[in-house]
Every structure is written in structure tokens, then in C-alpha cells.
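# Commentary on secondary and tertiary structure
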Amino acid sequence: MSSSPASIPTHVAIIMDGNGRWAKQRGLPRIEGHRRGVETVRSIITASRELGIRYITLYAFSVENWKRPQAEVGALMGLLEYFLKKELAGLVKDKVRLLTIGRTQDLPETVRIHLQKAVEATAGFTGHTLVLALNYGARTEVVDAARAYAAAVASGQASLNDSSWESFSRHLYTAAIPDPDLVIRTSGEMRISNFLLLQAAYAEFVFTPVLWPDFTKEDLAAAVDVYARRERRFGQTSDQLKPAATS
Ligand code: FPP
């Protein structure tokens, strides 16, 4: 892990893809790929903490994933519950705060109970944050934010004369989370799949062919190294970003 602290992204968001293909390559049921994917989740949470990444967001279940076979959806919910039960002590020990983004109110009750417990138990930690995107979709997020903004205007807490992004973005699920600096997608697919569309406006993207169950801390460090070599311009020119010459 060779990146200098200055080049470590504050927030890394990951589209964990390739569990199904990993299983298929081995003649295993898809759920085995997800099970191995959970092991990767555990090791990548630790690795990101060790690298000094303060926020990590994992795309664990999208609003579109409900369309998968019912057995797979049920298995994913079961794995999520298993993960929350098993990892809570570790999150507390490592002082990792858990947050969620998405319409979590529509998740099964057992999952909601464990989520709430974990979120409450870790709420006081400030050093590292794990964000789970659950029943998340960027388009539904915009719809929810627009509704919340309209309600704030109706109650006089927001004004229609205020057309700033800052005011609107306070109503996104991510209001308390900085924008991702780096978005990683595993498995060779090069799509954003309705993930953090607004927040990733200036993110750097790294696509890796590695399937999620095989993704290691070395792969994470390699993605961070690629990120560190990129020039982020935020709409400016390269020359503008150079330190002013001293005469
Ligand atoms: C994409 O692989 C992966 C998912 C839709 C689910 C990701 C879930 C986990 C890693 C496990 C649960 C998460 C937590 C946080 C406990 P895919 O099934 O689309 O793979 P494929 O494209 O190869 O079929």
C-alpha cells in the first residue's frame, strides 16, 4: 500500500459486482457468490480503515434488485441480517459508524431491526464511516429529496427563492456524507447503475475486471494508487490548478 496520506480519497464508493459470475465459474449456486462477497465486504472494511479512507459506501442492494428471483432476494436479505449480527461487535471495537442510504423502510422487518440496532450502537464514532446502500437508487433518491424539499418549502423551513445546490442537497440521503472521491466497480462492467448519480458528479472512476469475491485489499490499494495519479480539475483548467509561480 504505497499511497501517501495526501492522496488517500476521503470517500470511496464501491459497486460490488460479479458474485454471480464468480459462483458460475465454479459450478456453484449464485448465493455462494454472495456468501463469498460478504467475506470480501468484511476484509475491505478493514482494509479501507487501514488505508485511512474515512468513508466507504457499498452498493449492497439496489431498488432494481427486487426483480431478481425471489429466492436470491431472500438469500441476500438473510446475508445482510447475518452480516449485521456478526459484525456489530467488530464495528464497535474498531469504532466504525454505520449509516445507510436508500428506502430502508421497505426492507424486511428483521433486517430493519438489526440495522437500527447497529446504527444506534455506532452513532457516536467519528473516525470511520461505513455506508450501506440498501434499497438504494439515485432516481428514487432524487424523488425523495424533491418531496422533502417541497415539504420544507410548504412548512416555511425552505424558500423557493433559494436555488442553490447546497440547500437542495440537504434533502438527499447523503446530506451528512461527503461526495465520493473515488467510485470503484468490480467485474469489468462499465456502468454506474443508478448509483450516487448526483454525488459522483466529480468523482474519479476505477473499473477493475476482478470479480467482487476475489477483490482484495491489494486491489483496493491499487485503485487508490490510480486515483492518486489522476488530476481532479472540478471544471477548471490544468494550468489553473498549478501553484502560482513565484517571481
Ligand atoms: C452484484 O453481483 C452483487 C449484488 C447485487 C449484491 C451485493 C451483495 C453482497 C456482496 C452481499 C451482501 C452485502 C452486505 C453488505 C452484507 P451480481 O449478483 O450482479 O453478479 P453477476 O453480475 O456476476 O451476476
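One can find the structure itself at the top, above this paragraph.
Now for a look at the structure at hand. One numbering rule holds for all chains: residues counted from 1, following each sequence as written. Under the rules for a predicted model, residues below a pLDDT of 70 receive no local features and side-chain atom pairs below 80 are neither given nor counted, while totals for whole chains, interfaces and linings still include all residues. Computation of side-chain values covers all heavy atoms of the structure but excludes hydrogens and water.

Another aspect to go through is the site of the ligand. Near the ligand lie 17 residues; those nearest to it are Asp17, Gly20, Arg21, Arg30 and Arg68. Side-chain atoms alone can form a polar contact between residues adjacent in sequence; in general such a contact is a pair of N or O atoms within 3.5 Å, and within protein one must be able to donate a hydrogen while the other accepts it. Residue glycine 20 places a main-chain N or O atom 3.0 Å away from an oxygen atom belonging to the ligand. Here arginine 21 contributes a backbone N or O atom positioned 2.7 Å from an oxygen atom of the ligand. Note on areas: Shrake-Rupley, 1.4 Å probe, and residue coverage restricted to the protein chains presented here. Relative to its unbound accessible area of 620 Å², the ligand is 91% covered by the protein chains. Of the pockets mapped on this structure, the ligand occupies the largest pocket. Sorting the residues of the shell around the ligand by element identifies α1 (19–25), α2 (30–51) and α3 (70–93) as the ones contributing at least two each. Put simply, DSSP marks the helices as runs of H or I at least four residues long and the strands as runs of E at least two long, and each gets a number from the N terminus on. Counting residues per element, the shell around the ligand draws most heavily on α2, at four residues. Here a residue is near a molecule or strand as soon as one of its heavy atoms is found within 4 Å of it. A 1.4 Å probe that fits into a set of points on a 1 Å grid over the protein atoms alone but cannot get out defines a cavity; an open set with protein on both sides within 12 Å along at least five of seven lines defines a pocket, and lining residues are those with an atom within 4 Å of a point. To decide whether a molecule occupies a pocket or cavity, check its atoms: if more than half lie within 2 Å of the grid points, it is inside.

On to helix α5 (residues 138–154). Any helix carries an expected span of 1.5 Å times its number of residues minus one. Compared with an ideal rise of 1.5 Å per residue, which puts 17 residues at 24 Å, α5 spans 24 Å between its outermost C-alpha atoms and is within 8% of the ideal. Only protein chains enter the accessibility calculation, which uses a 1.4 Å probe; a residue whose area is less than 20% of its type maximum is buried, one above 50% is exposed, and one in between is partly exposed. Considered for burial, the residues of α5 that qualify are Ala138, Thr140, Glu141, Asp144, Ala145, Tyr149 and Ala152. Contacts are assigned to residue pairs with any non-hydrogen atoms lying within 4.5 Å of each other. On the buried face of α5, the contacting elements are β4 (128–136) and α6 (165–169). Where α5 ends, the next residue or the one after it, glycine 156, has phi of about 85°, a positive value.

Turning our eyes to something else, we now look at the nonpolar core. Nonpolar cores are built from buried Ala, Val, Leu, Ile, Met, Phe, Trp, Tyr and Cys residues. Side-chain atoms within 4.5 Å join them into one set. Membership of the largest hydrophobic core comes to 42 residues, with the highest contact counts inside it found for Ile14, Leu58, Phe83, Leu130, Leu132, Ile184 and Leu220. For this core, the element with the most residues is α3, which contributes nine residues. The residues touching isoleucine 14, leaving out its near neighbours within four places in the chain, are Ile44, Ile56, Thr57, Leu58, Tyr59, Ile184, Phe195 and Trp212. Judged by nonpolar contacts, the second largest core, of 16 residues, contains Ala13, Ile101, Ile177 and Val183.

In this section: the packing of α3 against helix α4 (residues 109–122). Think of each axis as a best-fit line through the C-alpha atoms, taken over the contacting stretch in the case of a helix, with angles from 0 to 180 degrees between the N-to-C directions. Running from N to C, α3 and α4 cross one another at 20°; their axes reach a closest spacing of 9 Å. As far as their axial angle goes, α4 and α3 are roughly parallel. At the point where α3 passes α4, the crossing takes the left-handed sense. Contact with α3, carried on its side by Met77, Leu80, Glu81, Leu84, Lys85, Leu88, Leu91 and Val92, involves Thr110, Val111, His114, Leu115, Lys117, Ala118, Ala121 and Thr122 of α4 and no other residues of that element. Among the residues forming the contact of α3 with α4, the class breakdown is 10 nonpolar, three polar and three charged. The scheme is simple: roughly parallel for angles under 35 degrees, roughly antiparallel for over 145, roughly perpendicular for 65 to 115, oblique for anything else. Crossings are sorted by hand: turned counterclockwise from the far helix by less than a right angle, the near helix makes the crossing left-handed, and turned clockwise it makes it right-handed. In this count, Pro and Cys sit with the nonpolar residues alongside Ala, Val, Leu, Ile, Met, Phe, Trp and Tyr, while Asp, Glu, Lys and Arg are called charged and the others, Gly among them, polar.

What follows is about the packing of α2 against α3. Put simply, α2 and α3 touch, their axes get as near as 10 Å, and they point 30° apart. Considered as vectors, α2 and α3 are oriented roughly parallel to each other. For α2 against α3, the interelement crossing comes out right-handed. In contact with Arg30, Ile31, His34, Arg35, Val38, Glu39, Val41, Arg42 and Ile45 of α2, α3 contributes Glu72, Ala75, Leu76, Leu79, Tyr82, Phe83, Lys86 and Glu87.

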